[in-house]
Amino acid sequence: MRNVVDDQASRRRKLLRCDGHVANISPAAAAETTLKKLLKTLQLAPLGDAAVYAEFGTTLDLELNRSLQALATAVRARELPWMRDVVPALCGIALHIDPFHPELPDPVLDACRTLLEEGFQAAGKYEDSGRMVEVPVCYEPAFALDLDEVVAATKLSPQNIAKLHAGSKHSVLMVGFSPGQPYIGGSDPKLFLPRRATPRTRMPAGAVAIAVGQTCVYPFETPGGWSVIGRTPLTVFDAKRDPASLFAPGDRVRFEPISLDDYERMKPA
Amino acid sequence: MIRVLRPGLLTTVQDIGRHGMQHLGIVPCGAMDPVALQIANGLVGNNAHAGTLEITVLGPELVFEAEALVAFSGAEMEVLVGGRPAPQNRPFIVEKGAKLHARRVLMGSRAYLAVAGGIAVPEVLGSRSTYLPAKFGGLEGRALRAGDLLPLAEDAAALAARRYLKLSRREEKHGVRTVGWSVPSLTLPEREPIVIHAMEGRHHAMFDAASQRAFFDATWKVSPDSNRMGFRLSGPVLARVEAAEILSEPTCLGTVQVPANGTPIALMADHQTTGGYPKIAEIAAADVPRLAQLTPGGSVQFARCTLEQARELRAVLAQRIRATLRGLAWTYGT
């Protein structure tokens, strides 16, 4: 693992080079079935007159999220001049339009429906974009600020918490709230915790925190209501780096446990 | 270069915004009143993407180290150039070494100062807009401070001379080289409470009947702890029928969300891209710039509208913006 870590910068560049481009095309039959299922449950609602929200459900479903990531990528790849942002979220996709664009179709709701339906045709090839982000995490008590509460709530030992978390197959369900802030799903169900009753006023940048079956890696020092189980030495968001955001929606994520020494060595100067 | 003697209350570099990156949590940001920004830029012959200064309530004191063609649009401000009153909504020349002092707003809350050639800070992620919450864009990701130097286009002085000569009805007024015409302000607040159109939000039905009515009946005040991220609206406390948790989902410019304390927040230019608070309303896109011109303490009423009415409001505004910019573009031959 040491080598992996040493080669981190170049590997990260390689891994994160593409955003919305296809590395491996593997349209699994199962995935197509999910996409078809999605199309049937498609509900479009205006978010005011400058955005449309396509909702596919109201409860978190990892498989559904995986498919809607592919759909969002397919719609974004059209690069329509009046479409400003295609934002995949936990259970739906928001389409933000330029409300003053001269080529804006009318009615825009119908155009968005057509766009999504066409997106389904193309989405198959965007399944499994092939990106894998490896995130070194120091799970030592020095960084696991809420370890006692997590131990009490899960009845797991600190070692097992780290092992279960790092061993889970994670993926980025949504990036939002702050620039580059990922909502990562896929944690072992034994790690399910509610949000903290009292949010922390200062969540350190790089804090790895869990709640409601998800993991967040905080890009900035902000308030936050999730339980901190570790910290990454990586810079999650840097507007002057290319790419600025370590995580993009749809990325697969592997958390790799590192020691305090590793952390010290890897943290930005 | 522009040298900053005093920064004013909150002066930031803003352009038309940073679009296409909301899926990475990067909000468009940009001018709170993009209509006034476009007009200010148009007045000096810039395109809509040029960087301007967004001036909030109390303006800065600036020294121009080269001659420049500038214009103010948006909030009406008391502005002195070399100690003489400067015009609003008209291009004028600031002489080399002259001091430009924007004092306080007389009407509205945000004025845009455009300079021919633009405020030439480097683009970050495709825009010169300052995003204060994550400290990037604009001038080092922050508001102006005393002692700052703002870069202008290299040929700003030459541009000023060339563009000024293209203007019709040039005249000197109180010793300031300007023109004998002006363009209208399109977003200044009329008599308060101003009326802002809004559609029912996705979660409107989650609120109890009294709260549903109260949102459209009440007169709301913009509370003092409002900022570029959102306007907190003080008025009746809005309550939900049941406090079920909502999964975090995308939000928009103009979304009105209601946190657990029942005080609605209208999301403005620097809003977060996603949120888990219920959305009681969505403000019509055409009316967001007018809301942005309210000062803290200003009052607003929401008029219920349909998607179709919102579209009509947009068409009317777009037509007025086009008519204004077309005349300016013709003047400058751009």
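Each remark here, short or long, concerns the structure printed above.
The residue numbers shown here count from 1 along each chain, following its written sequence. Lettering of chains starts at A and numbering of ligands starts at 1, both following the order in which they are written. Local features are withheld for residues below a pLDDT of 70 in this predicted model, meaning they are given only at 70 or higher, and side-chain atom pairs are given and counted only at 80 or more; totals for whole chains, interfaces and linings count all residues. For the side-chain quantities, the full set of heavy atoms in the structure was used; hydrogens and water were omitted.

**Focus on the sheet that holds strand E4 (residues 92-97) of chain A**
Across a sheet, paired strands are connected by hydrogen bonds in the backbone, their directions being either parallel or antiparallel. All names here are of chain A. Following DSSP output, two strands are said to pair if at least two bridges run between them. Helix and strand definitions follow DSSP, with helices as H or I runs of at least four residues and strands as E runs of at least two, each counted in order from the N terminus. Strand order in this open sheet of four strands is E1-E2-E4-E3, and the pairing throughout is antiparallel. Each edge of the sheet is formed by a strand with only one pairing partner; in this case those strands are strand E1 (43-46) and strand E3 (83-88). Going across the sheet, the axis of each strand differs from the next one's by a mean of 20 degrees, ignoring polarity. Orientation is described by lines fitted to C-alpha atoms, with helices fitted over the stretch in contact, and by angles between N-to-C directions that extend from 0 to 180 degrees.

**Quick look at the packing of aromatic side chains**
Aromatic rings from Phe, Tyr and Trp, with only the six-membered ring used for Trp, were paired whenever their centres fell within 6.5 Å, and each pair was classed as stacked if the ring planes differed by under 30 degrees, edge-to-face if by over 60, and tilted otherwise. Under the defined criterion, the tally for this structure stands at eight aromatic pairs over all chains. When the centroid spacing of 5.6 Å and the interplanar angle of 55 degrees are considered together, the rings of Tyr131(B) and Phe136(B) count as tilted. Ring geometry for Phe215(B) versus Phe302(B): centroids 4.6 Å apart, planes at 15 degrees, classification stacked. Here Phe215(B), found in helix H3 (residues 209-217), pairs with Phe302(B), found in strand E20 (residues 299-304); they are 87 residues apart in sequence, far enough to count as distant. Accessibility assignment for this pair places Phe215(B) and Phe302(B) in one class, buried. Grouping aromatic residues by their ring pairs yields a cluster made of Phe220(A), Phe237(A), Tyr131(B) and Phe136(B). Burial classification: accessible surface area is computed with a 1.4 Å probe over protein chains only, and a residue below 20% of its type maximum counts as buried, one above 50% as exposed, and the rest as partly exposed.

**Regarding the interface of chain A and chain B**
Note on definitions: a residue-residue contact is assigned when non-hydrogen atoms from the two residues lie within 4.5 Å. Across the boundary between the two partners, chain A contributes 46 residues, which contact 37 residues of chain B. The quantity reported as buried area is the accessible area (1.4 Å probe) lost by two parts once they are put together, taken as the sum for both. Carbon and sulfur atoms make up 64% of the area that chain A and chain B hide from each other, which totals about 3,300 Å². On the chain A side of the contact with chain B, Asp49(A), Phe100(A) and Phe177(A) bury the most area, a combined 20% of that side's loss. Polar contact is the term for a pair of N or O atoms within 3.5 Å; when the atoms are in protein, one must be able to donate a hydrogen and the other to accept it, and sequence-neighboring residues count only if both atoms are side-chain atoms. Here chain A is connected to chain B by twelve residue pairs in polar contact (both at pLDDT 80 or more). Listing elements by their share of the side of chain A that touches chain B, those giving two or more residues are E1, strand E2 (51-55), E3, E4 and strand E6 (170-175) of chain A. No other element matches the five residues that E3(A) contributes to the side of chain A that touches chain B. Of the residues in the side of chain A that touches chain B, the class split is 29 nonpolar, eight polar and nine charged. Amino acid classes used here: Ala, Val, Leu, Ile, Met, Phe, Trp, Tyr, Cys and Pro are nonpolar; Asp, Glu, Lys and Arg are charged; the rest, including Gly, are polar.

**Some points on the sheet that holds strand E12 (residues 194-200) of chain B**
Residue and element names in this part refer to chain B. Within the closed barrel, the seven strands sit side by side as E12-E19-E16-E17-E14-E13-E20. Their pairing is mixed. Across this sheet, the average inter-strand angle for adjacent strands is 40 degrees, counted without regard to direction. Sheet analysis places E12 next to strand E19 (residues 279-283), joined by three bridges and oriented antiparallel. Bridge pairing in E19 links Ala198 to Ile283. H3 rests against E12, strand E13 (220-222), strand E16 (255-257), E19 and E20 of the sheet, and its axis sits at about 115 degrees to E20.

Purely geometric numbers; function is a separate question.
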